[in-house]
Amino acid sequence: MGYDAAMRRDLILKTLVVLAVTWALVLVGAHLLGKRTVTPEKIIGYLETDPLSGIAADDEEGRRAVIAGVAGKINRLDLKQRREMERWGEAGPLRSFGESLAPAEQSYLVRLTVEEHFRSIMEAFNGMTKEERHGMINRLRKEMQSDASREAERSRLQESDPELFENIVEKGMTSYYRDASVEVKMDLAPLLEDLQNRIQGLHRR
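Counting of residues starts from 1 at the beginning of each chain's written sequence and follows it residue by residue. A pLDDT threshold of at least 70 governs which residues receive local features in this predicted model, and a stricter bar of 80 or more applies before side-chain atom pairs are shown or counted, although totals over entire chains, interfaces and linings include all residues. Computation of side-chain values: all heavy atoms of the structure, hydrogens and water removed.

Caption draft 1: Spotlight on the packing of aromatic side chains. Only rings of Phe, Tyr and Trp enter the pairing, Trp through its six-membered ring, and a pair is recorded when the two centres are within 6.5 Å. The plane angle decides the type: under 30 degrees is stacked, over 60 is edge-to-face, the rest tilted. Here the structure, examined in full by the defined rule, presents zero aromatic pairs. We call a charge positioned over a ring when the NZ of a Lys or the CZ of an Arg lies within 6 Å of the ring centre and within 35 degrees of the ring normal. Across from the ring centre of tyrosine 108, 4.1 Å away, lies the NZ or CZ of arginine 64, which sits over that ring. Here the basic side chain of lysine 73 rests over the ring of tyrosine 46, its NZ or CZ set 5.1 Å away from the ring centre.

So, in structure tokens, the structure goes:
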């Protein structure tokens, strides 16, 4: 075998080794990423294990760590996934988890999943004129009425406050949210997501 042929063979072998190592790293990375990726299904599966069951009721630090972990998973979902999670939560593990918490723990969960996520949007909404708020809320209300998949969400909001939309326009979102119950704050999350989309859309124009 000539020198050039040997060189080509060595080059081919090295290339194959590099490709094999590269693909191995890609597969390992994809596997690890898949394990870290959060989906509504994974969160629901986790909640179905009743993660607080093994923690004593007086272990506040341990219970808060679990609640913070659940909040962290929820906060990593994108808008579509959060919507899916909310629909599943209407009578599923998410709502059961929330209802199993003490009032102070419910407030903690809401603060981590709703208040921190939507604080800037509430402030932006408050910065609008009353007429601008009225126009945006009216459009959102009409969209909710025409979307059958949001019937349960709309019903909960109306049951909690028949004049919710009018009060939000009148008081502004921050003031209304501050005085709302924990249950209403949780139910307001989808509406805040709608506002986020609209306000961000206005800023991009």
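What follows picks up the thread again.
Caption draft 2: Broad picture of the pattern of salt bridges. For this document, the term salt bridge refers to a Lys or Arg side-chain nitrogen within 4 Å of an Asp or Glu carboxyl oxygen. Across all of its chains, the model carries five salt bridges by this definition. One salt bridge in this structure joins glutamate 105 and arginine 63, with 2.6 Å as the shortest N-O distance. Here the residue glutamate 105 occupies a position in helix α6 (residues 103–126), and arginine 63 occupies one in helix α3 (residues 60–75), the gap between them amounting to 42 residues. Its salt-bridge partner being lysine 130, residue glutamate 170 comes within 2.8 Å of it at the nearest N-O pair. Of this pair, glutamate 170 sits in helix α9 (residues 164–171) while lysine 130 sits in helix α7 (residues 130–146), placing them 40 residues apart in sequence. Comment: elements are numbered from the N terminus, with helices defined as DSSP H or I runs of at least four residues and strands as E runs of at least two.

Treat this as a map of the structure, not an account of what it does.
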